[in-house]
Amino acid sequence: MSSTERLQRYLSDERGGCDDEAVAKRLAELEDIDAATGGPALDEDVSVVSALANETRYRIVRTLHVAEEELCVCEFSPLLDVSDSAISHALSQLTDAGLVSRRKDGKWRKYRITPRANALLVALDGSRG
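Residues numbered from 1 in each chain as written. Predicted model: local features only at pLDDT ≥ 70, side-chain atom pairs only at ≥ 80, totals over all residues. Heavy atoms only, no water.

1. Digging into the sheet that holds strand β2 (residues 100-105)
Turning to step 1, where the next piece is worked out: With antiparallel pairing, three strands are arranged side by side in an open sheet as β1-β3-β2. Taken across any chain shown, the strands that pair with only one partner, and hence form the sheet edges, are β1 (71-72) and β2.
Turning to step 2, where the next piece is worked out: Looking at chain direction, β1 and strand β3 (residues 108-113) are connected through two bridges and run antiparallel. If you follow Leu71 over to β3, its bridge partner there is Tyr111.
Turning to step 3, where the next piece is worked out: Across the sheet, helix α4 (residues 55-67) is in contact with β1, β2 and β3; its angle to β3 comes to roughly 80 degrees.
Turning to step 4, where the next piece is worked out: Relative to β2, helix α5 (residues 84-96) is tilted by about 120 degrees, and along the sheet it contacts β2 and β3. (Pairing = 2+ DSSP bridges. Helix = DSSP H or I, 4+ residues; strand = E, 2+ residues; numbered from the N terminus. Contact = heavy atoms within 4.5 Å. Axes fitted to C-alpha atoms, helices over the stretch in contact; angles between N-to-C directions.)

2. Here's the deal with the packing of helix α1 (residues 3-15) against helix α2 (residues 20-37)
Turning to step 1, where the next piece is worked out: It is the contact of α1 with α2, at a shortest axis distance of 10 Å, that shows an interaxial angle of 110 degrees. In terms of orientation, α1 lies roughly perpendicular with respect to α2. The segment α1 lies against α2, with Thr4, Leu7, Gln8 and Leu11 engaging Asp20, Ala22, Val23, Arg26, Leu27 and Leu30.
Turning to step 2, where the next piece is worked out: Split into classes, the residues belonging to the contact of α1 with α2 amount to six nonpolar, two polar and two charged. (Parallel < 35°, antiparallel > 145°, perpendicular 65-115°, else oblique. Nonpolar A, V, L, I, M, F, W, Y, C, P; charged D, E, K, R; others polar.)

3. Observations regarding α1
Turning to step 1, where the next piece is worked out: In this model α1 runs 18 Å from its N-terminal to its C-terminal C-alpha over 13 residues, within 8% of the 18 Å that 1.5 Å per residue would give.
Turning to step 2, where the next piece is worked out: Count one or two residues on from α1 and you reach Gly16, which has phi positive near 70 degrees. (Expected span 1.5 Å × (residues − 1).)

4. Some words on the pairing of β2
Turning to step 1, where the next piece is worked out: With six bridges joining them, β2 and β3 adopt antiparallel strand pairing. Within β3, the residue paired with Ser101 across the bridge is Arg112.
Turning to step 2, where the next piece is worked out: Linking β2 back to β3 in an antiparallel pair, the connection comprises two residues, with Gly106 at a positive phi of about 70 degrees.

5. Side note on the domain arrangement of the chain
Turning to step 1, where the next piece is worked out: The assigned domain composition of the chain is domain 1 (3-37) and domain 2 (43-127).
Turning to step 2, where the next piece is worked out: On a C-alpha basis, the centres of domain 1 and domain 2 stand 43 Å from each other. (Domains from an automatic or database assignment.)

6. Some words on the UniProt feature "domain: HTH arsR-type" (unreviewed entry) in the chain
Turning to step 1, where the next piece is worked out: Those places that UniProt annotates as "domain: HTH arsR-type" (unreviewed entry) correspond, in this numbering, to residues 37-129.
Turning to step 2, where the next piece is worked out: The span residues 37-129 shows a helical share of 57% and a strand share of 15%, and its end C-alpha atoms are spaced 27 Å apart. (UniProt positions renumbered as here; feature names shortened; annotations may be inferred.)

7. Regarding the side chain of Thr114
Turning to step 1, where the next piece is worked out: Relative to the assigned elements, Thr114 resides in the loop between β3 and α6 (115-127).
Turning to step 2, where the next piece is worked out: Here the side chain of Thr114 touches Gly98 through a polar contact of 2.8 Å, landing on its backbone oxygen.
Turning to step 3, where the next piece is worked out: Contact partners of Thr114, with chain neighbours within four places excluded, come to Gly98, Leu99, Val100 and Ser101. (Polar contact = N/O pair within 3.5 Å; in protein donor to acceptor, adjacent residues only side chain to side chain.)

Below, the structure written as structure tokens:
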């Protein structure tokens with residue numbers, strides 16, 4: 001069964017009947033909705049959400065959020081049960097996603113949460129109920 005046939009069945013069930021014009025109208029409405037959700041922002045948003053979809057990366061972002069200050073890469077090791085290379089890799093992915101920023105301070109790398117990551121965590125906290 002094609003997706004159009006399923007849509008026609010749905011519209012018929014919900015509206016007590018439908019013709020080709022009703023299906024075409026609803027398809028046009030759905031295409032407008034789809035167009036509004038797409039674009040370059042969609043790929044960027046998926047990248048950001050994907051970066052948080054890992055316990056190590058999420059804990060790093062959450063730690064930076066709670067700390068409210070820069071942390072050195074070495075300060076994550078005692079908190080996370082993963083290798084130093086896994087921490088470095090996670091920090092790199094978070095930086096690429098725009099969720100943390102980094103700066104070199106002598107021989108150390110320091111990380112700070114970005115406003116976007118803070119906003120995401122505040123939204124998550126606010127959605128718990």
